[in-house]
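What follows is each chain in one-letter form.
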Amino acid sequence: MIAGRARPRLGLTLRITLAFTLGALLVSSAVALSAYLFTLRFQVQQQERITLRQTYLNAAQARARLIQPDPDVPGVLDTLTTGSAATTVIYRGGRWYASSLTISRDALPLQMRQQVIAGSVVRSWSRIDRAPKIIVGVPLPAANAAYFQVFDESSLQQTLSLLRTILVAAASATTAAGAALGWWLSRRLTAPLRAVDDAARRIAAGNLQAELPAESDRDVANLVDSFNTMVRTLRARIERDTRFAADVSHELRSPLTTLATSLGVLQARRDEMPDRARDALDLLTTELARFERLVEDLLEISRADTQARLVDPEPVNVGQLVENLLQTSEYAGIPSRVEGDCDQAVVLGDKRRLHQALRNLLDNAATYAGGATAVIVTTGREAVTIHVDDAGPGVPQAERERIFDRFSRGRQGSRRASQRGTGLGLALVTEHVRAHGGSVHVEDAPSGGARFTVQLPRRRR
Amino acid sequence: MVVMPGSVLVVDDDDGIRTSLRLALEDHGYKVLEAPDGETALDRMRTEPPDVVVLDLMLPGMDGFECCRQMRRSSDVPVLIISARGDSHDVVAGLEAGADDYIRKPFDIPELAARLRALRRRLRSVSDKPDELVAGDIVVHPDRGEVTVAGRPVHLTKTEFHLLYELASSPGRVFSRDMLLQRVWDYGYFGDARIVDVHIRRLRAKIEQDSSKPQRLITVRGFGYKLEP
């Protein structure tokens, strides 16, 4: 691997989705924009052509009337057929005549009036009362007049506005569809990745049976094959290791039983023995007890390895468990208390394993830290917490994780540990607590010394 | 309730375990008979019936399960099985075969002695000590050690009888497994509830018409067992 962590980037799913969204947005906007511009140009040109032609026709008609001597200009305005959307304005002999009250000379731009009167045909876009208009002016020099026609183009504006709305909607829909397609495609593409991730998680959680289902896609099938092969190899190796540990422990049990039983017979005659034989017997007894514990712990830990989850959990009251343990063991003098409702301090689990976890914590305190000083059970909303405080010097920050490893011994522990502990006590605590879905850690106790804290999920009703 | 140690038959193929058990149990006052395999054990049962049997499940030839089943055909002597694998199905299979309790290797002698004592314990005396306990059509005669179901006599082992006796002492009352473990097997906090479950199954096979649909010995889910009054 390359040194250093790769900079976190957007996830594959998100990237594919984004790319599709962006692509769809670009394409649909371009299409919509060009469609709009094309329509706009076409419509505008067409309107301009129509209005020009109509103005010429009307102007010719008006001209015919206006070149007669002393024409009746308002009469001319009346006779012209312009439709409701158009207004006619006529200039003649310095006076202005209009077919509408709202539009008159002032509505026409000054520059345009001058140009037309000066003899040019002028077409101009303008806004009158916010409504778009096409104004066409035609000079009628023969009649000493100018003819103006104002066309209302509100309907063109409405059409274009509607078109804009439709195009924006279509572009948005296309973009959304692109996003959806991208998302769907990315999900499909990453499905094998997610399946691998899911299986890997289950394996990490202790389910060694997790394999990927067979896959027909050839690219993916290779991945599935190698993954499943890896899982099987791993499983075989783990099973072999744990079976070996279990087998060794089982094989040791029969001779251990004989040893323990024979030692018991000798113990019954301890008082009849000479001093030296008695010392040797005591040594044997101590070491055999430790050996038995080691075999039991090894067996327990290999059992925990093959069986990550609890087999047949039952409700266990932690308060009662603590009380029972303290009352029936050599730790009877240790003060304990339950904070909160004792009836609520119930977890779903294995009484024997919880008992052993707690007992190992007390053993640990007795072996390495001058004994436990308090056991406190606290009932929270989600969890039941057990604190075991001890009288030792505490656990240095650097060793707080390591002491839970198998056969790892703290610095202070190293001397005496070789005489008493099995080196598996705290590792077993971790296994038992984890099997219950809980956690264990060590910190400083408020009273000095170390505080081991076990958190177990509270039983939900 | 002091129980005099009697004779114990130790069935184990391991010479070391057998010899050391003999030495240790003799220290506790037991008369110890030995058998290295199942066939010898069954012979010994006939010639010199012991008060209690300690039986290793792993035997050469006839295994411990079969040996236990054959013993049960002719005897209701308490059988304590020794299991090398206390967590496996061995224990349940041994109990199904008719054993009364189990102990895991390695054990120490005080523990074994306590188990043997519990198996040979007399019945706990019920308050007013009646001649018979009645629950529905089940009648238990504590003094004679006899049980009838609907007038028909039923043969039970000592431990099955003890269990039924406890349940019949308060018909209709629900007994938790822990409570039964404590009263019948003398276990404290850490008895194995499977012992109770298997014995309940064995009892049902003897007192129910259809043990898959119990009418007399009822399971109260999450609490324990009760005998219908």
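What counts and how
Chains are numbered independently. Their residues run from 1 in the order of the written sequence. By the order in which they are written, chains take letters starting at A while ligands take numbers starting at 1. Per-residue local features of the predicted model are confined to residues with pLDDT of at least 70, and side-chain atom pairs are confined, for both listing and counting, to 80 or more; whole-chain, interface and lining totals are unaffected and use all residues. Note on terminology: a nonpolar core is any set of buried Ala, Val, Leu, Ile, Met, Phe, Trp, Tyr and Cys residues joined through C-beta atoms within 7 Å. With C-beta atoms placed from the backbone, a residue counts as buried when 20 or more other C-beta atoms lie within 10 Å of its own, as exposed when 12 or fewer do, and as partly exposed for counts between those limits. What fixes the domain bounds is an automatic or database domain assignment. In short, DSSP must find at least two bridges between two strands for them to pair. Helix numbering and strand numbering both begin at the N terminus, where a helix is a DSSP run of H or I of at least 4 residues and a strand a DSSP run of E of at least 2. Think of each axis as a best-fit line through the C-alpha atoms, taken over the contacting stretch in the case of a helix, with angles from 0 to 180 degrees between the N-to-C directions. Once C-beta atoms are placed from the backbone, any two residues with those atoms within 7 Å are in contact. Under the scheme applied here, ten amino acids are nonpolar (Ala, Val, Leu, Ile, Met, Phe, Trp, Tyr, Cys and Pro), four are charged (Asp, Glu, Lys and Arg), and all others, including Gly, are polar.

### Quick look at the nonpolar core
Argument step 1. Core analysis: the largest hydrophobic core is formed by 64 residues, its most contacted members being V11 and L164 of chain B.
Argument step 2. Per-domain counts for this core show at least three residues from each of domain 1 (7-119) and domain 2 (133-227) of chain B.
Argument step 3. Judged by nonpolar contacts, the second largest core, of 41 residues, contains A365, L428, F452 and L456 of chain A.

### Looking at the sheet that holds strand β6 (residues 133-135) of chain B
Residue and element names in this part refer to chain B.
Argument step 1. In spatial order, the strands read β6-β7-β8-β9; together these 4 strands make up an open sheet with antiparallel pairing. One side of each edge strand has no neighbouring strand; the edge strands of this open sheet are β6 and β9 (152-154). In this sheet, adjacent strand axes meet at a mean angle of 25° when their direction is disregarded.
Argument step 2. With 4 bridges connecting them, strand β7 (residues 138-141) and strand β8 (residues 146-149) associate as antiparallel partners.

### Overview of the environment of R73 of chain B
Argument step 1. One can find R73 of chain B in helix α3 (residues 64-74).
Argument step 2. It is 9.7 Å that separates the C-alpha atoms of R73 of chain B and G98 of chain B, two residues lying 25 residues apart in sequence.

### Here we look at the interface of chain B and chain A
Argument step 1. In this complex, chain B contributes 19 residues to the contact, which on the side of chain A involves 18 residues.
Argument step 2. Of the residues forming the side of chain B that touches chain A, the biggest block, 7 residues, is contributed by helix α1 (residues 15-27) of chain B.
Argument step 3. The residue inventory of the side of chain B that touches chain A, partitioned by class, reads 10 nonpolar, 3 polar and 6 charged.

### What about the sheet that holds strand β12 (residues 224-227) of chain B?
Residue and element names in this part refer to chain B.
Argument step 1. Reading across from one edge, β10-β12-β11 is the order of the 3 strands in this open sheet, with antiparallel pairing throughout. Only two strands of the sheet have a single partner each, and these edge strands are β10 (175-176) and β11 (217-220).
Argument step 2. The sheet contact formed by β11 and β12 spans 4 bridges and is antiparallel. Across the sheet, the residue bridging to V220 is G224, located in β12.

Worth remembering: the numbers are spatial, not functional.
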